[in-house]
Amino acid sequence: MINLSFGTAVRFGDGARRALPSVLAQAGIKRPLLITDKGVMAAGVFAQAIEAIADAASLPVFTDVPVNPTEAAAIAGAASYKANACDGVVGIGGGAALDLAKAVAILATNEPPLWSYCNRHAEPRDIRNPPPLILMPTTAGTGSEVGRSAVIVFDNGIKAGVRCPEIVTMAICDPELTFALPPSITATTGMDALAHCIETFCSPTINPPADAIALDGMKRIFDHIERAVANGQDRHARWNMMMGSVEGAMCFQKGMGAVHALSHPLGALGHHHGTLNAILLPHVLAYNQEALDGKMARMAQQAGLADERQLPQAMAQLTARIGIPARLRDLGVPESALDGIAAAALEDNAHKTNPRPLDKADYDAILQSAY
């Protein structure tokens, strides 16, 4: 028995942001809390996202969004929601802003601590009556707008998900909101999306529709990521990158693997999730290769490769071409931290659906290879 669900409603296309007022009205939201980060505001993208709202200047805005969203930030956001008598949440930004918006919506109507709703909690509590939530991505990366969880760094130091598959009322995906992304962020968020497509496809969970979606997303990203990095105004490339990002996250229900099992605890140290995924991906692919049967050939085909054995090296070459560091040490990860990372990876939910079993020694070997 398998469960198939691709339920988040999405408005997708150039100019889709202009539907925001009608989406708010349909959801019954009159006074939303707008959640974004300072970088999105400084780039003018936040103003672009809300340009269709007539009274936007009167709405409360929460901008204290950490690079890796935290439980403390979610509590502060929920306090702002209540203090401003809001009746809905709109998250605008990259994965951090969108995941934080989910967490704020949860705590707006549910008692803290947020950890008590986490996937990793021994007995996670049910989330009850969250307010309407609209998400508008400004990157093509995490796919959080259609993802089934909010990934948070909790007060106990663990980075994990709060499962909330039905919390998003509507996702508005407008590729034009990604035009201002600098090349470096285009690259790292794009590789995050590619990692989602690859890891979910590699997961041994049976879900043929998700596999088909992952392969399509993979192809779009392989074909367009370098174009988007080279020219952020490339409308066709931006459209396909955002679609690939949405597709990668639609497949999360299959589970992921060792890339995310490692990048979650590394991210809790303050490192960028997409960058970590890009660095780790070639090494995990090489480790998993013997357990992937015909899947390696399918992925190589999507990447335009004739020989599936070239895929790990081709992934490393792609990340180099788009300017992502090759090694964990290039990010300032101390070698002394690696032992703790391997131990934490074994406890991560993504570890459970890696296609090849791993123990601590296997994770240590992957980390050393990537270091």
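Residues numbered from 1 in each chain as written. Predicted model: local features only at pLDDT ≥ 70, side-chain atom pairs only at ≥ 80, totals over all residues. Heavy atoms only, no water.

**Examining the overall build of the protein chain**
The secondary structure content of the protein chain amounts to 14 helices and eight strands. Taken over C-alpha atoms, the radius of gyration comes to 19 Å for the protein chain, in line with the 21 Å a tight globule of 371 residues would show. Each principal axis of the C-alpha atoms in the protein chain carries an extent, and together these give about 55 × 45 × 45 Å. Per-residue burial over the protein chain gives 58% buried out of 371 residues. Surface accessibility of the protein chain: about 14300 Å² in total, with carbon and sulfur atoms responsible for 53%. Taking the average location of the 29 positive side-chain charges in the protein chain and that of its 36 negative ones, the two points are 4 Å from each other. (Helix = DSSP H or I, 4+ residues; strand = E, 2+ residues; numbered from the N terminus. Rg over C-alpha atoms; globule rule 2.2 N^0.38 Å. Buried < 20%, exposed > 50% of the residue type's maximum accessible area, 1.4 Å probe, protein only. Areas by Shrake-Rupley, 256 points an atom, 1.4 Å probe, with all protein chains shown as cover. Lys, Arg positive; Asp, Glu negative; His and termini not counted. Charge placed at Lys NZ, Arg CZ, Asp CG, Glu CD.)

**Digging into the sheet that holds strand β4 (residues 88-93)**
Read across the open sheet, the six strands follow the order β1-β8-β5-β4-β2-β3; overall the sheet is parallel. The open sheet is flanked by β1 (10-12) and β3 (61-62), the only strands paired with a single partner. With two bridges joining them, strand β5 (residues 133-137) and strand β8 (residues 170-173) adopt parallel strand pairing. Each bridged residue has a counterpart across the sheet, and for L135 the counterpart in β8 is A171. Along the sheet, helix α8 (residues 235-250) contacts β1, β5 and β8; its crossing angle with β1, the most-contacted strand, is approximately 165°. (Pairing = 2+ DSSP bridges. Contact = heavy atoms within 4.5 Å. Axes fitted to C-alpha atoms, helices over the stretch in contact; angles between N-to-C directions.)

**Quick notes on the nonpolar core**
Counting residues in hydrophobic clusters, the biggest one holds 65 residues, and the most contacted among them are M191, L194, I198, M218, M299, M315 and L328. The dominant element in this core, judged by the number of residues it contributes, is helix α7 (residues 208-230), at 10 residues. Excluding residues that lie within four positions of it along the chain, M218 makes contacts with L194, C197, I198, F201, M299 and Q302. Membership of the second largest hydrophobic core comes to 34 residues, among which are Y81, A103, Y117 and L135. (Core = buried A, V, L, I, M, F, W, Y, C linked by side-chain atoms within 4.5 Å.)

**Topic: the packing of aromatic side chains**
In total, this model carries two aromatic pairs according to the counting rule given. Geometrically, the ring pair formed by F12 and W239 is edge-to-face, given 5.1 Å between the ring centres and 80° between the ring planes. Of this pair, F12 sits in strand β1 while W239 is found in helix α8, placing the two residues 227 residues apart along the sequence. The class for F12 is partly exposed, based on a relative accessible area of 25%. On the basis of an interplanar angle of 75° and a centroid distance of 5.1 Å, the ring pair of W115 and F154 is categorised as edge-to-face. Taken together, the residues span a long stretch of sequence, with W115 in the loop between α5 (95-109) and β5 and F154 in the loop between β6 (149-153) and β7 (159-163) at a distance of 39 residues. According to the relative accessible area criterion, F154 is buried, its value standing at 2%. (Phe/Tyr/Trp six-rings, centres within 6.5 Å; stacked < 30°, edge-to-face > 60°.)

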